Amino acid sequence: MTYFADLSSRQVAALASSERVPVLLLPVGAVEPHGPHAPLGTDPLISRGMCERAAARLAGDPGVHVLILPEVPYGVTRFAAGFAGGVSIGEDTLHALLTEICGALVDQGLPRILLVNNHFEPAQLAVLRRVAETAGVGFVDLVRRRYASRLTDEFRSGECHAGQYETSLVLADRPDLVDAVVQRALPPVHVDLARGGVTDFASAGMTEAYCGTPAQATAEEGEQTFSVLTDILVEAIRELV
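A few points on the structure. (Residues numbered from 1 in each chain as written. Predicted model: local features only at pLDDT ≥ 70, side-chain atom pairs only at ≥ 80, totals over all residues. Heavy atoms only, no water.)

Residue position: glutamine 164 is located in helix 7 (residues 164-173). A relative accessible area of 15% places glutamine 164 in the buried class. Polar side-chain contacts of glutamine 164 include one of 3.0 Å to the side chain of threonine 213. Excluding residues that lie within four positions of it along the chain, glutamine 164 makes contacts with Glu154, Thr213, Pro214, Gln216, Ala217 and Glu221. (Helix = DSSP H or I, 4+ residues; strand = E, 2+ residues; numbered from the N terminus. Buried < 20%, exposed > 50% of the residue type's maximum accessible area, 1.4 Å probe, protein only. Polar contact = N/O pair within 3.5 Å; in protein donor to acceptor, adjacent residues only side chain to side chain. Contact = heavy atoms within 4.5 Å.)

Next up on the list: helix 3 (residues 91-106). For helix 3, with 16 residues, the first-to-last C-alpha span of 22 Å sits near the 22 Å given by 1.5 Å per residue. Considered for burial, the residues of helix 3 that qualify are Leu94, His95, Leu98, Cys102 and Leu105. Here the buried residues of helix 3 occupy an arc of 105 degrees about the axis, which is enough to place them on one side. For helix 3, the exposed residues lying more than 90 degrees away from the buried face are Asp92 and Glu100. Buried residues in helix 3 make contact with strand 1 (21-28), strand 3 (113-117) and helix 4 (122-135). (Expected span 1.5 Å × (residues − 1). Arc of directions from axis to C-beta.)

A few words on the packing of helix 2 (residues 42-57) against helix 7. Between helix 2 and helix 7, the least distance of the axes is 10 Å, while the angle of their chain directions is 60 degrees. Between helix 2 and helix 7, the angle falls in the class oblique. When the axes of helix 2 and helix 7 are compared, the crossing they make is left-handed. On the side of helix 2, the interface is formed by Thr42, Asp43, Leu45, Ile46, Gly49 and Arg53, while helix 7 contributes Glu166, Leu169, Val170, Ala172 and Asp173. (Axes fitted to C-alpha atoms, helices over the stretch in contact; angles between N-to-C directions. Parallel < 35°, antiparallel > 145°, perpendicular 65-115°, else oblique. Left-handed = near helix turned anticlockwise from the far one by under 90°.)

Before going further, it helps to spend a moment on the pairing of strand 2 (residues 64-68). For strand 2, a buried count of five out of five residues is recorded, marking the element as mostly surrounded by other parts of the structure. With burial as the criterion, each face of strand 2 is covered, one bearing Val64, Val66 and Ile68 and the other bearing His65 and Leu67. As judged from the five bridges shared by strand 1 and strand 2, these two strands associate in the parallel manner. The residue of strand 2 that forms the bridge with leucine 25 is isoleucine 68. Running through helix 2, the crossover from strand 1 to the neighbouring parallel element strand 2 is right-handed. (Pairing = 2+ DSSP bridges. Right-handed = clockwise from strand over helix to strand, strands pointing away.)

Now for the packing of helix 7 against helix 10 (residues 219-240). Packed helix pairs are specified by the crossing angle of their axes together with the interaxial distance, meaning the distance between the axes. Packing of helix 7 against helix 10 brings their axes to within 7 Å, and their N-to-C directions diverge by 95 degrees. Classified by the angle their axes make, helix 7 and helix 10 are roughly perpendicular. Contacts between helix 7 and helix 10 involve Gln164, Tyr165, Ser168, Leu169, Leu171, Ala172 and Asp173 from the first element and Ala219, Glu221, Gly222, Glu223, Thr225, Phe226 and Leu229 from the second. Counted by class, the contact of helix 7 with helix 10 contains seven nonpolar, four polar and three charged residues. (Nonpolar A, V, L, I, M, F, W, Y, C, P; charged D, E, K, R; others polar.)

Shape is all these values report; function is a separate question.
Below you can see the structure in the form of structure tokens.
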């Protein structure tokens, strides 16, 4: 079984004494605008896709049992202010929620937890790093050089909100959620969200809540990127065990 919430209480109690070490993956993200073509739930969708692929890859592993926790889709997303659909929560709220979730699991003898995030607003990342430190859990921090260097040129450029990178990943997992007609007509928007001083999409020049080149996105690129992301997550699982 892959999904933690599908287990019975008795099955969870048995995890601690199992020969296979349980590792719990917690997908997180944000509900926010991703251009006129991609779904609001792009970030948690990608996090969940990473977790599902890593769990599938390790399904037959005799030493580790990967389980996916119910995702936490809401995050800190002030950059999306002014656009319809953004649902932002505060840093203290997110920190308290994630810390208490992790604490409840650690108290039950399930300490190996990995936060899997694909929402890269600086305030969100700061909270997740703090949760990892205070709760004593792992965090796959994709913007760190050791990981980012393995991802696409667009990702490394910082022009990757609802652009070629993210749109390709959604096309690989849920193509029905992408408006392909709109996507293919979108012009490039060159805004580096990694640079200092960006406070919101609109003032940075992202008038349609995207940057990068979404018109060039393909499902094939998305599958290739998911393969790399799965490699990264499997490595993090091995390190945690």
